[in-house]
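# Descriptive structure summary
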Amino acid sequence: MVAVQEVAVFANGHNALTGLAQALGNYTPYIAVNNDARGNAPGFLVKNGVTASNPRILGKYETYNAHSEGACDLAGGPLFDRAPFGLDIRKGDLDITALSNHWGSQS
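Figured I'd write up the structure that's included with this text. Sequence order as written defines residue numbering, which begins from 1 separately in each chain. With pLDDT at 70 or above as the cut-off, local features in this predicted model cover only qualifying residues; side-chain atom pairs require 80 or more to be listed or tallied, and sums for whole chains, interfaces and linings still use all residues. As a rule here, side-chain values cover all heavy atoms of the structure and leave hydrogens and water aside.

### Considerations on the overall build of the protein chain
Using the following cut-off: By the criteria applied, helices consist of DSSP H or I runs no shorter than four residues and strands consist of E runs no shorter than two, each listed in order from the N terminus. Note on classification: 1.4 Å probe, protein chains only; a residue is buried when its accessible area is under 20% of the maximum for its type, exposed when over 50%, partly exposed between these limits. Whether two residues are in contact is decided by their heavy atoms: any pair within 4.5 Å suffices. For accessible areas, the Shrake-Rupley method is used with a probe of radius 1.4 Å. Any residue's cover is judged against the shown protein chains and nothing else.
Looking only at helices and strands, the protein chain features one helix and six strands. Reading the protein chain from its N terminus to its C terminus gives the helix and strand order β-α-β-β-β-β-β. Residue burial in the protein chain is summarised as follows: out of 107 residues, 24% are buried. Here the analysis covers contacts within the protein chain between residues at least 6 apart in sequence; of these, 54% occur between residues at least 24 apart. Summed over all atoms, the accessible surface of the protein chain reaches about 7,000 Å², with 53% contributed by carbon and sulfur.

### Some details on a nonpolar patch on the surface
This is how the line gets drawn: Each patch is built from salt-bridge-free residues with over 30% relative accessible area, joining like charges within 9 Å and nonpolar side chains (Val, Leu, Ile, Met, Phe, Trp, Tyr) within 5 Å. Salt bridges are defined as contacts in which a side-chain nitrogen from Lys or Arg sits within 4 Å of a carboxyl oxygen from Asp or Glu.
On the surface, Met1, Leu94 and Ile96 cluster together into a nonpolar patch covering about 270 Å² of accessible area. Relative to the helices and strands, methionine 1 is located in the segment before strand S1 (2-8). Taking relative accessible area as the criterion, methionine 1 reaches 45% and is therefore assigned partly exposed.

### Observations regarding the sheet that holds strand S6 (residues 94-100)
Our working definition: DSSP bridges decide pairing: two strands pair if at least two such bridges lie between them. All axes are obtained by fitting lines to C-alpha atoms, using only the stretch in contact for helices, and the reported angles, taken between N-to-C directions, cover 0 to 180 degrees.
Overall, antiparallel pairing links the three strands, which are arranged S4-S5-S6 in an open sheet. Each of the sheet's edge strands pairs with one partner strand only, and the pair in question is strand S4 (51-57) and S6. The average undirected angle you get between the axes of adjacent strands in this sheet is 20 degrees. Looking at chain direction, strand S5 (residues 85-91) and S6 are connected through seven bridges and run antiparallel. Across the sheet, the residue bridging to phenylalanine 85 is serine 100, located in S6.

### Describing the environment of alanine 11
Looking at where alanine 11 falls in the secondary structure, it is placed in the loop between S1 and helix H1 (16-24). Separated by 28 residues in the primary sequence, alanine 11 and glycine 39 have C-alpha atoms spaced 8.5 Å apart.

### Regarding the pattern of salt bridges
Going through the model one piece at a time under the given rule, you end up with two salt bridges. Note that aspartate 88 and arginine 56 form a salt bridge whose closest N and O atoms lie 3.1 Å from each other. Within this pair, whereas aspartate 88 is found in strand S5, its partner arginine 56 is found in strand S4, the two being separated by 32 residues in sequence. With relative accessibility at 23%, the residue arginine 56 sits in the partly exposed group. Of the charged contacts, one joins arginine 90 and aspartate 95 as a salt bridge, the two residues approaching to 2.5 Å between their closest N and O atoms. You can call aspartate 95 partly exposed: its relative accessible area is 45%.

### Examining empty space enclosed by the protein
Note the threshold: A cavity here means a set of points on a 1 Å grid, drawn over the protein atoms and nothing else, where a 1.4 Å probe fits but cannot get out; a pocket is an open set with protein on both sides within 12 Å along at least five of seven lines, and a residue lines either one if it has an atom within 4 Å of a point. Grid points are joined across faces, edges and corners, and a volume is the space filled by probe spheres set on the points. When residues are sorted by character, Ala, Val, Leu, Ile, Met, Phe, Trp, Tyr, Cys and Pro go into the nonpolar class, Asp, Glu, Lys and Arg into the charged class, and all the rest, Gly among them, into the polar class.
Under the defined criterion, the tally for this structure stands at one cavity of 30 Å³ or more. Of the volumes computed, that of the largest cavity is approximately 80 Å³. In this structure, the largest cavity is lined by 13 residues; those nearest its centre are Gln5, Asn34, Ala41, Pro42 and Arg82. If you list the elements that add at least two residues to the lining of the largest cavity, you get S1 and strand S3 (40-47). With three residues, S3 is the single largest residue contributor to the lining of the largest cavity. Tallied by class, the residues present in the lining of the largest cavity amount to four nonpolar, six polar and three charged.

Pasting the structure below:
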C-alpha cells in the first residue's frame, strides 16, 4: 500500500491515480475528493491481494473555532483544506486503518 498526495483530479472526473494504477498493474486506486480548491486529492494505491474497505475523509466538514485570544485568520473556516483520508486494510490476520495526511504549507 502506498499513500499519495496531491493527485490531480480533472474537470471530467478522471484522475491521475487511476492511470498510474493501470500502468503499474496489480494495484487498485482509492481517491477522495477533498477541500482543496485546486482539485488535488489524497489517495492510496493498494496492491492486489490486500483487502481495502471503508475509504473516508476524516473531518472534511469540521470548522475551526477560536477559543483564545489572538486566534488566527482561519476562525470559522474549514479545519482542513486537505483533510486526512482513512482506509481500512486487511492482509492475512493483520487489520489496520491507514491514514494519509498532507498539511498545507505556508511560506
